[in-house]
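Now for the letters of each chain:
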Amino acid sequence: MLVDEFDVAVVGGGHAGIESALACARMGAKTVMFVLNADSIGQMSCNPAIGGIAKGIVVREIDALGGEMGKAIDSVGIQFKMLNTRKGKAVWSPRAQADKKLYREYMKRVCENQENLYIKQDEVVDIIVEKDRVVAVKTKLGLEYRVRAVVVTTGTFLNGTIYIGDKTFPAGRAWEPRSEGLSDFYKRHGFPLLRFKTGTPARLDRRTIDFSVLEIAPGDDPPPKFSFWTEPVGTYWFPKGKKQINCWITYTTPKTHEIIRKNLHRTALYGGLIKGIGPRYCPSIEDKVVKFGDKDRHQVFLEPEGWDTIEIYPNGLSTSLPEEIQWELYRSIPGLEKVELIRPAYAIEYDVVSPTELYPTLETKRIRGLFHAGNFNGTTGYEEAAGQGILAGINAALRAFGKEPIYLRRDESYIGLMVDDLTTKGVLEPYRLFTSRSECRLYLRQDNAIFRLSKLGYELGLLNVDQYKLIKELKKEVENWIEFYKSQKVAIAVGSDVRSYSPTQLLTSERSIDDLKTYGFEVPHHPFVKEEVEIELRYEPYMERERKLNEKLKKLEDVKIPEEIDYDKVPGITKEAKEKLKRFRPLTVGQASRIDGITPATITSLLAFLGKLD
Ligand code: FAD
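Residues numbered from 1 in each chain as written. Predicted model: local features only at pLDDT ≥ 70, side-chain atom pairs only at ≥ 80, totals over all residues. Heavy atoms only, no water.

1. Points about the site of the ligand
Item 1. With respect to spatial proximity, 35 residues lie near the ligand, and among them Ala 16, Val 124, Thr 198, Asn 375 and Gly 381 are the closest.
Item 2. For the ligand, a nitrogen atom lies 2.9 Å from a polar atom in the side chain of Thr 198.
Item 3. The fraction of the free accessible surface of the ligand (970 Å²) that becomes covered by protein chains is 97%.
Item 4. If one sorts the elements of the shell around the ligand by residue count, strand β14 (residues 193-200) sits on top with 3 residues.
Item 5. Tallied by class, residues from the shell around the ligand come to 14 nonpolar, 17 polar and 4 charged. (Near = heavy atom within 4 Å. Polar contact = N/O pair within 3.5 Å; in protein donor to acceptor, adjacent residues only side chain to side chain. Areas by Shrake-Rupley, 256 points an atom, 1.4 Å probe, with all protein chains shown as cover. Helix = DSSP H or I, 4+ residues; strand = E, 2+ residues; numbered from the N terminus. Nonpolar A, V, L, I, M, F, W, Y, C, P; charged D, E, K, R; others polar.)

2. As for the pairing of strand β12 (residues 161-164)
Successive residues of a regular strand alternate their side chains across the two faces of the sheet.
Item 1. Burial of β12 is two-sided: the residues Thr 161 and Tyr 163 facing one way and the residues Ile 162 and Ile 164 facing the other way are all buried.
Item 2. The antiparallel hairpin formed by β12 and strand β13 (residues 167-170) contains 2 residues in its connecting segment, where Gly 165 sits at a positive phi of about 60 degrees.
Item 3. Where β12 and strand β21 (residues 346-353) come together, 3 bridges link them in antiparallel fashion. Within β21, the position partnered with Tyr 163 by the bridge is Ala 347. (Buried < 20%, exposed > 50% of the residue type's maximum accessible area, 1.4 Å probe, protein only. Pairing = 2+ DSSP bridges.)

3. Some details on the pattern of salt bridges
Item 1. Tallied over the full model, the rule gives 44 salt bridges.
Item 2. Residues Glu 305 and Lys 100 are paired through a salt bridge, measuring 3.2 Å at the closest nitrogen-oxygen approach. Remark: Lys 100 occurs in helix α4 (residues 100-112) and Glu 305 occurs in the loop between β18 (299-304) and β19 (311-315); sequence separation between them is 205 residues.
Item 3. A relative accessible area of 8% places Lys 100 in the buried class.
Item 4. Of the charged contacts in the structure, one is a salt bridge between Glu 112 and Lys 108, with a shortest N-O distance of 3.0 Å. Placement of the pair is Glu 112 and Lys 108 together in helix α4, with a separation of 4 residues, close to one helical turn.
Item 5. Salt bridges here are not isolated pairs; linked through shared partners, they connect Arg 410, Asp 420, Asp 421, Lys 425 and Glu 439. (Salt bridge = Lys/Arg side-chain N within 4 Å of Asp/Glu carboxyl O.)

Written out as structure tokens, the structure is:
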């Protein structure tokens, strides 16, 4: 029964679905968001945290494109940190713990108040296609909605199956119902479905933890924010009247490992129940114990799930062991000897469609107007999902308006890099972003995301004219300061010599931009401008080197790899890279570079080993 008409339907209200739906609606498309449960919009299925290495940069890119994730975490974060600060500023990345309940409430409120966006609690079970073009979606309640484009973001819900030891039941997340109908749609249209899996730890009762024996892991002071637009713009911020919450660190013990080894056959994965492929970079504790048998302990972060809840997330302890063994396992860890579990750990298996079915616009090659984003594309992580979500949403709206799609290049954003990796290399296991996947690590930074992408955000109507005007002014100011410093010299006595130095030469790892005052230079007043000028000046020579290396790498793409190569002898490449190179045995470096998980850093090491880097 045809009931209504929309420009775009977004299937899902997770992290991909939210950014998709908001982008569409903000671009003026009449948008409908379908969710299985309207109260779970923005639910954090696993770790209540946003950001981290590379992921934090993606959140800033989403923000620069007019997305919501950065603003949300700034509003409901309980602990903020800038990661990688022991390394140069070019590789810093923000991460924050969220109040899980407030995050969900924030996202639901934003979606509810978004003009052009309508929320419907119903399961999409079919997509109607005419002449290879999407024309409508059909729901479980038998209703039909005419649409010009659809974005599918079903996360871990499609044909989801939960495993806790040998207990298994159909569900999409925790105890929520799964979705089913769409798998048939994909089979009917010849899309290859893959089966992936992931897992989450138990949630612990904070009243039963002995914090006195644990290391404290505090947040940063001042806390780094995510959104450029969190007031006051360009400075640091924290909710009024709230203090950051501490996290804690503990470690597994030889006893923990013994319990796991003794019961390995009772886990869903090692017991053979799960066939799906899991995320290499968020392994379960049993995976860590098996794969790193020589380690006698693994670090565990105890992270509160909010300001006003007793639930604690033990980061690093996901497992699919039976619940009674989970109790034993957790209680073998210092501080957790008397711990009570609120929710058991579980693993989940679900359907995804290979992302090689997609153009880099995230539209499918088989059906016009059908877009995919998020975990459904074989990725893992909220930020990866949201980054694809905003791109798919933008292109779905453009498709509905009959306009040209947009692409994001891999050398201009991590979102572009991720989409390029996904659509050209495909996925053999859940895909997660890392800075090592990029050839332009020094350029794709968290601090300059707003300069890299805000023009596009403005042109799409996702940033307003005042926002873009401010960014243009700040950019001009940064350029003027850089030009000024480059034109300056100062004479400094070195022993009996007097040498001439430019401000750029004076900026070393020991000297900050503020130290230029000692040499008689003015420095920018605006904190954002000051930071940007410092980073640009300090990293310019390295970025130039990066650019030259990339040009060289392009020319060397056809270099042959001898068939008899012993990858164990190639220094500086990871275990994962060795495994994949041995499995695929590429004949050229170009071929090697297109294998999922083979990073630019691996290619550089391989070229060096083959003597082709000079
Ligand atoms: P989701 O957040 O899963 O959202 C899917 C949305 O689609 C939901 O709103 C649902 O209601 C809706 N939906 C589904 N089917 C339909 C339908 N047919 N009709 C209407 N609505 C529908 N992330 C990590 O980074 N590392 C981890 O190790 C990790 N482990 C996890 C472990 C578990 C057990 C789970 C459940 C999640 C885990 N995650 C992990 C996080 C998570 O799955 C994703 O990374 C993130 O939530 C993906 O966002 P998404 O928008 O793609 O999907």
